[in-house]
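# Report on the structure
These are the residues of each chain, in order.
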Amino acid sequence: MDDVLVVGAGPVGLTAACQLARLGVSVRVVDKLDRPTTESRAVTVHARSMEMLAPLGALPRMLARGRRVDGLAMVDGATGHTRARIDFGEVPSRYAFLLDIAQPDSEAVLAERADELGIVVERGVELIALTQDDDGVEVTLRSDDGERTTRVGWVVGADGGHSTTRHLVGTHLEGGFHGQHFAMADVETETALSPDTIRMFTHPDGVGMLFPLAGARARTIFLVDAPPAGATAPTLEEIQALADARMGGQVRMRDPLWLTYFEVHHAQVPQYRHGRVLLAGDAAHIHSPAGAQGMNTGIQDAANLAWKLALVARHGADARLLDTYHDERHPVGAEVVRTTTALTNVGTAAGVGAVLRDAALFVVGHTPAVGDAAAAKTAEVTIAYRDGRLAVHHGHHRHGTARAGDHAPDPDGLRRPDGSAVTIADLLVRPGLLLLARSDDTDTVDALHRVLGDLGTVVRVVRAASADGGEQVVDDGDVIGRHYGLGDEGLALVRPDGYLGLVADAADPELLRRYLADSLGVPEPVAP
Ligand SMILES: Cc1cc2nc3c(=O)[nH]c(=O)nc-3n(C[C@H](O)[C@H](O)[C@H](O)COP(=O)(O)OP(=O)(O)OC[C@H]3O[C@@H](n4cnc5c(N)ncnc54)[C@H](O)[C@@H]3O)c2cc1C
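Since we're looking at a predicted model, the values are computed, not measured. Residue indices follow the written sequence of each chain, beginning from 1 at its first position. Two thresholds apply to this predicted model, a pLDDT of at least 70 for residue-level local features and 80 or more for giving and counting side-chain atom pairs, whereas whole-chain, interface and lining totals are computed over all residues. Side-chain figures throughout are based on the complete set of non-hydrogen atoms in the structure, without hydrogens or water.

### Digging into the overall build of the chain
- The numbering of helices and of strands both runs from the N terminus, where a helix is a DSSP run of H or I of at least 4 residues and a strand a run of E of at least 2. Helix and strand counts for the chain come out as 14 helices and 25 strands.
- Relative to the compact-globule value of 24 Å for 528 residues, the chain shows a C-alpha radius of gyration of 24 Å, a close match.
- For the chain, the C-alpha atoms occupy an extent of roughly 70 × 60 × 40 Å along the three principal directions.
- Within the chain, the fraction of its 528 residues that count as buried is 56%.
- For the chain, long-range pairs separated by at least 24 residues make up 70% of all intrachain contacts whose partners lie at least 6 apart in sequence.
- For the accessible areas, the method is Shrake-Rupley and the probe is 1.4 Å, while residue cover comes only from the protein chains on display. Roughly 20,700 Å² of accessible area belongs to the chain as shown, and the carbon and sulfur atoms make up 52% of that amount.
- Charge convention: Lys and Arg are scored as positive, Asp and Glu as negative, and His as well as the terminal groups of each chain are ignored. To locate a charge, take atom NZ for lysine, CZ for arginine, CG for aspartate or CD for glutamate. Charged side chains of the chain number 49 positive and 72 negative; the gap between the two group centres comes to 1 Å. C-alpha atoms define the radius of gyration, and 2.2 Å times the number of residues to the power 0.38 defines the globule rule. Whether a residue is buried, partly exposed or exposed follows from its accessible area with a 1.4 Å probe, protein chains only, as a fraction of its type maximum: under 20%, in between, or over 50%, in that order. Here a residue-residue contact requires only that any non-hydrogen atoms of the pair lie within 4.5 Å.

### Points about the site of the ligand
- The environment of the ligand is formed by 30 residues, the closest being Asp31, Gln103, Leu127, Thr164 and Asp282.
- Backbone polar atom of Lys32 to a nitrogen atom of the ligand: 3.0 Å apart, as the coordinates give it.
- Protein chains bury 90% of the 990 Å² of accessible surface belonging to the ligand in isolation.
- At the level of elements, α1 (11–22), β2 (27–31), β9 (126–132), β15 (217–224), β16 (251–268) and α7 (294–315) are the ones that each hand at least two residues to the shell around the ligand.
- Residue classes in the shell around the ligand are distributed as 16 nonpolar, 7 polar and 7 charged. Only a single heavy atom is needed: when it lies within 4 Å of a molecule or strand, its residue is near that molecule or strand. Between N or O atoms, a polar contact is any pair within 3.5 Å; within protein, one atom must be a potential hydrogen donor and the other a potential acceptor, and residues adjacent in sequence are included only when both atoms are from side chains. Note that Gly is not counted as nonpolar here; it falls among the polar residues with everything else outside the nonpolar set of Ala, Val, Leu, Ile, Met, Phe, Trp, Tyr, Cys and Pro and the charged set of Asp, Glu, Lys and Arg.

### Here's the deal with the sheet that holds strand β4 (residues 67–69)
- We call two strands paired when DSSP finds no fewer than two bridges between them. Pairing is antiparallel in the open sheet, where 3 strands are placed in the order β3-β7-β4. In this open sheet, the two strands that pair with only one neighbour each are β3 (44–45) and β4.
- Across 3 bridges, β4 lies against strand β7 (residues 98–100) in antiparallel orientation. When the bridges of β7 are listed, Val69 appears paired with Leu98.

### Thoughts on the packing of α1 against α7
- An axis is simply a line fitted to the C-alpha atoms; with a helix, the fit covers only the stretch in contact. Between two such axes, the angle follows the N-to-C directions and lies from 0 to 180 degrees. Remark: α1 packs on α7, axes separated minimally by 8 Å, with the N-to-C direction vectors making an angle of 30°. With respect to α7, the axis of α1 lies roughly parallel. The two elements α1 and α7 meet at a crossing, and its hand is right-handed. Every residue of α7 that contacts α1 at Pro11, Val12, Thr15, Ala16, Gln19 and Leu20 is listed here: Met295, Gly298, Ile299, Ala302, Ala306, Leu309 and Ala310. Any angle that falls under 35 degrees is termed roughly parallel, while one over 145 is termed roughly antiparallel, one within 65 to 115 roughly perpendicular, and all others oblique. Should the near helix be turned counterclockwise from the far one by less than a right angle, the crossing is left-handed, whereas a clockwise turn marks it as right-handed.

Okay, structure coming up:
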């Protein structure tokens, strides 16, 4: 019996599958489509998602296929005048930019990684039924060969906005079903507008968005009235007319690869976990493309879920750990639904609303701190789980340093004993938990190794390389002290999704043991 069935080989299902496989879980992936989609759909990858795609080994290939974008501008669609520009250069991340890449390219890279990790994506295979009991899930899959019923341990429902999994567990999306309609096109553009910026054009008739892709290609999106009954796609001429009216006459378009109408709702399921079935990505939340948060939120759902599911499926952790997937990610999804709805409405405001919006944009555009805060929020690097039950901060918290529940800071200044530079992102490439330990006592470090066992890696943070005590990183500039608040003694446990679980001002193996047992619910780990 496979540990996990992932339903859907979109970006979310593939991210979950890759991470599960890296963590030693046997995973099966099915998708009802015979071939991957060719529709460009979600085109922007944000910093926090890049941080999570990097350890999977997917990011360099995505960067090679996409376009690096440095800013997001709000432009008056009638005049072409830029109201505000948010620069992503100060986003606190190794990836202080946006990556624009068509969804088929992202999916192709993730599928390649999945293949390298030994995952066979079974295409033309559709989930049509499931029932679950205490020990597993019975799923019925339909393909050209007929229907087959099989058992798996767990199911990840990453089957998109029309999720069958969601339906089969008896839940539904709740929220604003005042559908908004968008006309979309993936086109070659002729424009003097620089391709280093995503532009959102405000206009009383509806927002327009322009996402530069590789070469001269771009994605355009326009909020429109409900299209005539039966119309599935606008013509290129209609898209051009929208661009002429709402993009200050600055963009010519030709050679469409994809034209479509797209109706969006703003909604979310009330529960992400249904026993042994977990919903992720569009199956759990749908909303406007404004702010380009949809796929990103889903990728981060997958990263949050996969390591927890691996602990439960492979290491016998208490299944209640999976409740923290809902606890941590549901509020994030709810916030995304709220803000993307607001962003779409703001772009369309008229009258007093437009005056207020323009005043706010003036502040954003002319106050660097406000602009940086807006960039950080858009890049999703402000997401943290400080109040969750997996965030345990032991002892004194030094002001200005990371807390348990924050994403692990990744400062420059760390070296390997041979003098080469190393980053926290590099250390996270190894699957499992990452324990940064500050202690001069080799017995303590040995004990930490024993307690962590096969759940991950202990890396000792030392001021100068020494011959004893296992793997070390050298921190002669005290960057770990400044960013993590660790003094001569301390622990920082980084989860596989890059967030800090336990932060302690003592390198006490008992603190680690208690965290693993009580917070993660893992029985005594075995030796690595
Ligand atoms: C037309 C369109 C335009 C979009 N534009 C944007 C945009 O501009 N910006 C943005 O951020 N987001 C956009 N999105 C949303 C974005 O594509 C999604 O947020 C993202 O794809 C979510 O990924 P996912 O893996 O959760 O779902 P999906 O990408 O939808 O993948 C789900 C997969 O599950 C498969 N599946 C479904 N049911 C079953 C079943 N029963 N059995 C087996 N397999 C099944 C499907 O074939 C599909 O491959 C757009 C979506 C659409 C449809």
